[in-house]
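Observations on the model geometry
Residues per chain, in single letters:
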Amino acid sequence: MFTIDAHLDLSMNALEWNRDLQQTVPAIRAREAGLNDKPDRAKGVVALPELRKGNIGLVVATQIGRYVAPDNPLPGWHSPQQAWAQTQGQLAWYKAMEDAGEMVMIKDRKSLEAHLALWNDGTPNDGKPVGYILSLEGADSLVDLRYLERAYNKGLRAVGPAHYGPGRYANGTDATGHLNEQGRQLIRKMEELNIILDATHLCDDAFWDAMEIFNGNVWASHNNCRALVNHNRQFSDEMIQALISKGAVIGAALDAWMMVPGWVRGTSTPESMNCNLDKMIDHIDHICQLAGNSLHVGIGTDLDGAFGKEQCPYDLETIADLQLLPAKFAARGYSAADIENIMYGNWLRFLRKAWRD
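Described in the following lines is the structure provided in the data block. (Residues numbered from 1 in each chain as written. Predicted model: local features only at pLDDT ≥ 70, side-chain atom pairs only at ≥ 80, totals over all residues. Heavy atoms only, no water.)

With that settled, the discussion passes to unusual backbone geometry. The backbone phi angle of His201 is positive, close to 75°, even though this residue is not glycine. Inspection of the secondary structure assignment puts His201 in the loop between β6 (196-198) and α8 (204-213). Of the residues examined, His201 reaches a relative accessible area of 5% and is grouped as buried. Even without a glycine there, the phi angle at Ala306 is positive, about 70°. Mapped onto the elements of the fold, Ala306 is located in the loop between β9 (297-299) and α12 (325-331). On the basis of relative accessible area, Ala306 is assigned to the partly exposed category, the value being 32%. (Helix = DSSP H or I, 4+ residues; strand = E, 2+ residues; numbered from the N terminus. Buried < 20%, exposed > 50% of the residue type's maximum accessible area, 1.4 Å probe, protein only.)

Right, here's the structure in full:
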């Protein structure tokens, strides 16, 4: 089944992990054998051939560059200008993939419909470019609002104002605090440019500020449910209801610590915690029960977000195994129409509404 994944950090993996994503997952793992500089060496699950194998024809692909103040212990760049340069290097990688015929940028209704026609023309997918919608995870790299407009002109179509910790525009996971004036101006400018607001990673204070201020199109590319895993990274039921009221779609993530309670980094394993794809369905089902329908959920795996087999469902060998999900949803009593909504239909409906021309 055609599938859309609303959150993949492809360029970060390509540049910071030095992975040639044109190669297969087994080939990348083989080249990384014996390396231990990152926890997921030789355990990656994403590459372009596996996306095609899994019929994942469209992804929301990120740029990311965090600014860190002198007292911020998180990894990142020491000036917004450096962070901007990092995101532009990532954009250069996406463009190189376009030149190689591996990917194609999707930035409006015309390019979306043309890409869908290509992927649904009945021919094999192994030679087709993977479509990508450019998103910015954390807005720190936008030196000022002029840079937002520059980024839009280069194809940026979604922005998550926050990532982890305190940010220049908004505070994110494990931080607290309301949007500052710069953040409020950012959100207003995003609405003016018709840039999608990604609510993922916003701390509770900033989330509620954004919901009050922003009247444009909102999604949450990769978020799970606080009712099932009690952490501020997840959405509370009240937050989920607010997103539903705005017509949002929420993408379910496959990072194990967000899927099962009690995960201990570096100690827990997917097998010991019984973390499998059914746990993802639990989070999706929770949102469906709150909404009373299947219209506000999708897939947003974050599978290459600095983790691999050591921290994702044990029954997923590569991202192509997302094709195991339709049968699992059917076994839970989901109809064919519901399953199509979740695998791709809700994201398409959202985009068609957001991009009217």
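Here Asp255 shows up in the loop between β8 (250-252) and α10 (256-259). Overall, Asp255 belongs to the buried group, its relative accessible area being 7%.

Moving on to the environment of Leu303. Relative to the assigned elements, Leu303 resides in the loop between β9 and α12. Sequence-wise, Leu303 and Ala14 are 289 residues apart; in three dimensions their C-alpha atoms are separated by 14 Å.

Of all the five residues making up strand β5 (residues 156-160), five are buried; the element is thus mostly covered by neighbouring parts of the structure. Handedness of the crossover joining strand β4 (residues 130-137) and β5 through helix α6 (residues 145-153): right-handed. Where β5 and β6 come together, two bridges link them in parallel fashion. Bridged to Ala158 within β6 is Ile196. As for the winding sense of the linkage, the β-α-β connection from β5 through helix α7 (residues 181-193) to β6 is right-handed. (Right-handed = clockwise from strand over helix to strand, strands pointing away. Pairing = 2+ DSSP bridges.)

Turning next to the side chain of Ser221. Here Ser221 is to be found in the loop between β7 (218-219) and α9 (237-245). A polar contact is formed between the side chain of Ser221 and the side chain of Asp198, at a distance of 2.6 Å. In this structure the side chain of Ser221 is engaged in a polar contact, spanning 2.8 Å, whose partner is the side chain of His222. When sequence neighbours within four positions are dropped, the list of residues in contact with Ser221 reads Ala6, His7, Asp198, Thr200, Gly251, Gly300 and Trp347. (Polar contact = N/O pair within 3.5 Å; in protein donor to acceptor, adjacent residues only side chain to side chain. Contact = heavy atoms within 4.5 Å.)

Right, let's get into the pattern of salt bridges. What the rule picks out here adds up to 19 salt bridges. One salt bridge in this structure joins Glu113 and Arg352, with 2.8 Å as the shortest N-O distance. Of the two residues, Glu113 sits in helix α5 (residues 109-119) while Arg352 sits in helix α13 (residues 336-354), which places them 239 residues apart along the sequence. For Glu149, the salt bridge identified is with Lys189, shortest N-O distance 3.5 Å. One end of the pair, Glu149, is in helix α6; the other, Lys189, is in helix α7, with 40 residues separating them in the sequence. Note on Glu149: relative accessible area 35%, which makes it partly exposed. Linked through salt bridges whose partners overlap, the residues forming this network are Arg19, Glu32, Asp37, Asp40 and Arg41. (Salt bridge = Lys/Arg side-chain N within 4 Å of Asp/Glu carboxyl O.)

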